[in-house]
Amino acid sequence: MTLHIVGAGGFGRETLDAVRATASAPEVVFVDEHPAATTVDGCPVLLPEQLAASGGQRNEFVVAIADADARRRLAREFEDRGLRAATVIDPRAVVSPGARIGRGCVVLGQAFISTGTVTGAHVQVNYQASIGHDTVLEDFVTILPGANIAGNVTIGAGSTVGSNAAVLQGRRIGPSVMVGAAALVTRDVAVGQLVVGVPARAREP
Ligand SMILES: CC(C)(COP(=O)(O)OP(=O)(O)OC[C@H]1O[C@@H](n2cnc3c(N)ncnc32)[C@H](O)[C@@H]1OP(=O)(O)O)[C@@H](O)C(=O)NCCC(=O)NCCS
């Protein structure tokens, strides 16, 4: 089995670190639409069109790109090619046995995910982010480093929470929302809004 990490940039390399920290790390190949080099951190970098030869049922992929729209497009493309979406959880993360992590997700080291929390597919939880109990992260949500999501929160598909932002318990964040770095979300946030500040308020995107 070969794991294809889609995106050979910074988050791709962080995902590789997480894979290499596991006890039985698979062979890794990067796939990148605009490769800057032919190898990255000792792994070959392929163009997507070079994948046909090495793709196939036994191969897996994970999209390591923070932009939710790009991630959605690439996840569909690789699933259509017949690769299976892998889930990468760094063993240095703490994930409650009572949490459920969906396919294609990446959870980096020192992230904490509490009990009863459920993630959809292709969600990213960065290092030192904390997700409280019974929270729902829908498909393609991105939680950036150090963000603190309290319990019973719902975050809609494709939304991003910036680094060191905090979301108070029980709040509902709609789909395609951007929460700026270091914001404090005290109220529900409607679909598509960009919110910044303490307390967080909507700003024109
Ligand atoms: C909120 C955000 C999406 C705005 O992006 P943007 O529109 O490109 O922002 P700009 O850099 O053009 O700044 C526009 C204005 O917003 C302000 N601003 C930017 N980010 C802000 C934030 N998080 N909170 C408060 N104000 C912010 C800037 O100071 C600037 O104000 P000014 O016009 O008075 O100088 C972005 O700054 C952000 O916080 N992204 C999350 C980044 C992150 O967490 N990265 C982690 C990577 S691992």
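Calculation notes
- Sequence order as written defines the numbering, with residues in each chain counted from 1.
- Under the rules for a predicted model, residues below a pLDDT of 70 receive no local features and side-chain atom pairs below 80 are neither given nor counted, while totals for whole chains, interfaces and linings still include all residues.
- Side-chain figures throughout are based on the complete set of non-hydrogen atoms in the structure, without hydrogens or water.
- Start and end points for every domain follow an automatic or database-based domain assignment.
- Only heavy atoms enter the contact rule, under which two residues are in contact if any of them lie within 4.5 Å.
- A quick way to say it: buried area is the sum, across both parts, of accessible area lost when two parts are put together, with a 1.4 Å probe.
- Salt bridges are defined by distance alone: a side-chain nitrogen of Lys or Arg within 4 Å of a carboxyl oxygen of Asp or Glu.
- Contacts described as polar in this section are N or O atom pairs within 3.5 Å, which, within protein, must combine one atom able to donate a hydrogen with one able to accept it, while residues neighboring in sequence count only if both atoms come from side chains.
- Think of it this way: any DSSP run of H or I at least four residues long counts as a helix, any run of E at least two long counts as a strand, and we number them from the N terminus.
- Nearness is judged by heavy atoms alone; a residue qualifies as near a molecule or strand once a single heavy atom is within 4 Å of it.
- Shrake-Rupley sampling with a 1.4 Å probe provides the accessible areas, and residues are treated as covered by the protein chains on show and by no other component.
- UniProt positions are given in the numbering used here, feature names are shortened, and annotations may be inferred rather than shown by experiment.
- When accessible area is computed with a 1.4 Å probe and restricted to protein chains, residues below 20% of their type maximum are described as buried, those above 50% as exposed, and intermediate ones as partly exposed.
- What we call a nonpolar core is a set of buried Ala, Val, Leu, Ile, Met, Phe, Trp, Tyr and Cys residues that are connected through their side-chain atoms within 4.5 Å.
- Ring geometry is summarised as follows: Phe, Tyr and Trp rings, the Trp one being its six-membered ring, pair when their centres sit within 6.5 Å, and such pairs are stacked at plane angles under 30 degrees, edge-to-face over 60 and tilted between the two.
- Two conditions define a charge sitting above a ring: the NZ of Lys or the CZ of Arg must be within 6 Å of the ring centre, and it must be within 35 degrees of the ring normal.
- One bridge is not enough; two strands pair if DSSP finds at least two bridges between them.
- With its strands directed away from the observer, a crossover is right-handed exactly when the path from the first strand over the helix to the second travels clockwise.

Enquirer: Any chance you could explain the domain arrangement of the chain here in plain terms?
Expert: Interfaces are often sized by the amount of accessible area the parts lose when they come together. Taken domain by domain, the chain consists of domain 1 (2–86) and domain 2 (87–194). On a C-alpha basis, the centroid separation for the pair domain 1 and domain 2 is 22 Å. Each partner contributes residues to the interface: domain 1 has 22 residues there, and domain 2 has 21 residues. Buried area between domain 1 and domain 2, summed over both chains or domains, comes out near 1600 Å², and the portion from carbon and sulfur atoms is 62%. By the criterion of area lost to domain 2, the three top residues of domain 1 are Phe11, Arg71 and Arg72, representing 31% of everything that side buries. Joining domain 1 to domain 2, the criterion identifies 1 salt bridge. Of the charged contacts in the structure, one is a salt bridge between Arg103 and Glu79, with a shortest N-O distance of 3.2 Å. Taken together, domain 1 and domain 2 are joined by 9 residue pairs in polar contact (both at pLDDT 80 or more). Of all the elements in the fold, those that place two or more residues in the side of domain 1 that touches domain 2 are helix H1 (10–20), strand E5 (60–63) and helix H3 (68–80). The greatest single-element share of the side of domain 1 that touches domain 2, amounting to 6 residues, is contributed by H1.

Enquirer: Even after reading the chapter, I still don't get the site of the ligand, so can you show me in this structure?
Expert: Around the ligand, a shell composed of Leu144, Pro145, Gly162, Ser163, Met178, Gly180, Ala181, Leu194, Val196 and Arg203 is seen. Interatomic distance of 2.7 Å between a backbone N/O atom of Ser163 and an oxygen atom of the ligand. Between the ligand and Ala181 there is a distance of 2.9 Å, counted from an oxygen atom to a backbone nitrogen or oxygen. Protein contacts shield 36% of the accessible area of the ligand, which totals 910 Å² for the unbound molecule.

Enquirer: Can you walk me through the UniProt feature "site: Increases basicity of active site His" (unreviewed entry) in the chain in this structure?
Expert: With numbering aligned to this structure, UniProt lists the feature "site: Increases basicity of active site His" (unreviewed entry) at Asp134. Within the fold, Asp134 resides in the loop between strand E13 (130–131) and strand E14 (136–137). By relative accessible area, Asp134 is classed as partly exposed at 39%.

Enquirer: Can you help me understand the nonpolar core in this one?
Expert: As a rule of thumb, nonpolar side chains are buried together in soluble globular proteins. Counting 28 residues, the largest nonpolar core has Val125, Ile143, Ile155, Val161 and Val179 as its most contacted members. When residues no more than four places from it in sequence are discounted, the contact partners of Val125 are Val106, Val107, Leu108, Ala111, Ile113, Ile131, Leu137 and Ile143. In this structure, Leu3, Val19, Val45 and Ala64 belong to the second largest nonpolar core, which totals 18 residues.

Enquirer: What is the right way to read the packing of aromatic side chains from this model?
Expert: Centre-to-centre distance and the angle between the planes together describe a pair of aromatic rings. The tally for this structure, following the rule as stated, stands at 1 aromatic pair. The ring of Phe78 carries Arg81 above its face, with NZ or CZ at 5.5 Å from the centroid.

Enquirer: In this structure, what is going on with the environment of Ser114? I would like to understand it.
Expert: Of note, Ser114 is situated in the loop between strand E10 (112–113) and strand E11 (118–119). As a C-alpha pair, Ser114 and Asp134 span 20 residues in sequence and 7.5 Å in three-dimensional space. Ignoring sequence-local partners within four residues, the contact set of Ser114 consists of Ser96, Ala99, Ile131, Gly132 and His133.

Enquirer: Just to check I follow, could you spell out the sheet that holds strand E21 (residues 178–179) for this structure?
Expert: Strand pairing in a sheet relies on backbone hydrogen bonds, with the paired strands running either antiparallel or parallel. Reading across from one edge, E7-E9-E12-E15-E18-E21-E23-E24 is the order of the 8 strands in this open sheet, with mixed pairing throughout. Either end of the sheet is taken by a strand with one partner, and the two such strands are strand E7 (88–89) and strand E24 (201–203). Direction of pairing for E7 relative to strand E9 (residues 106–107): parallel, over a ladder of 2 bridges. By the bridge assignment for E9, Ile89 is matched with Val107.

Enquirer: Can you walk me through the pairing of E5 in this structure?
Expert: Two faces belong to every sheet, and in a regular strand the side chains alternate between them. Burial of the side chains of E5 extends over both faces: Glu60 and Val62 are buried on one face and Phe61 and Val63 on the other. Across 4 bridges, the pairing between strand E1 (residues 2–6) and E5 is parallel. Bridge pairing in E5 links His4 to Phe61. Pairing analysis gives 2 bridges linking E5 to strand E6 (residues 84–85), with the strands arranged parallel. Bridge assignment links Glu60 to a residue of E6, and that residue is Arg84. Running through H3, the crossover from E5 to the neighbouring parallel element E6 is right-handed.

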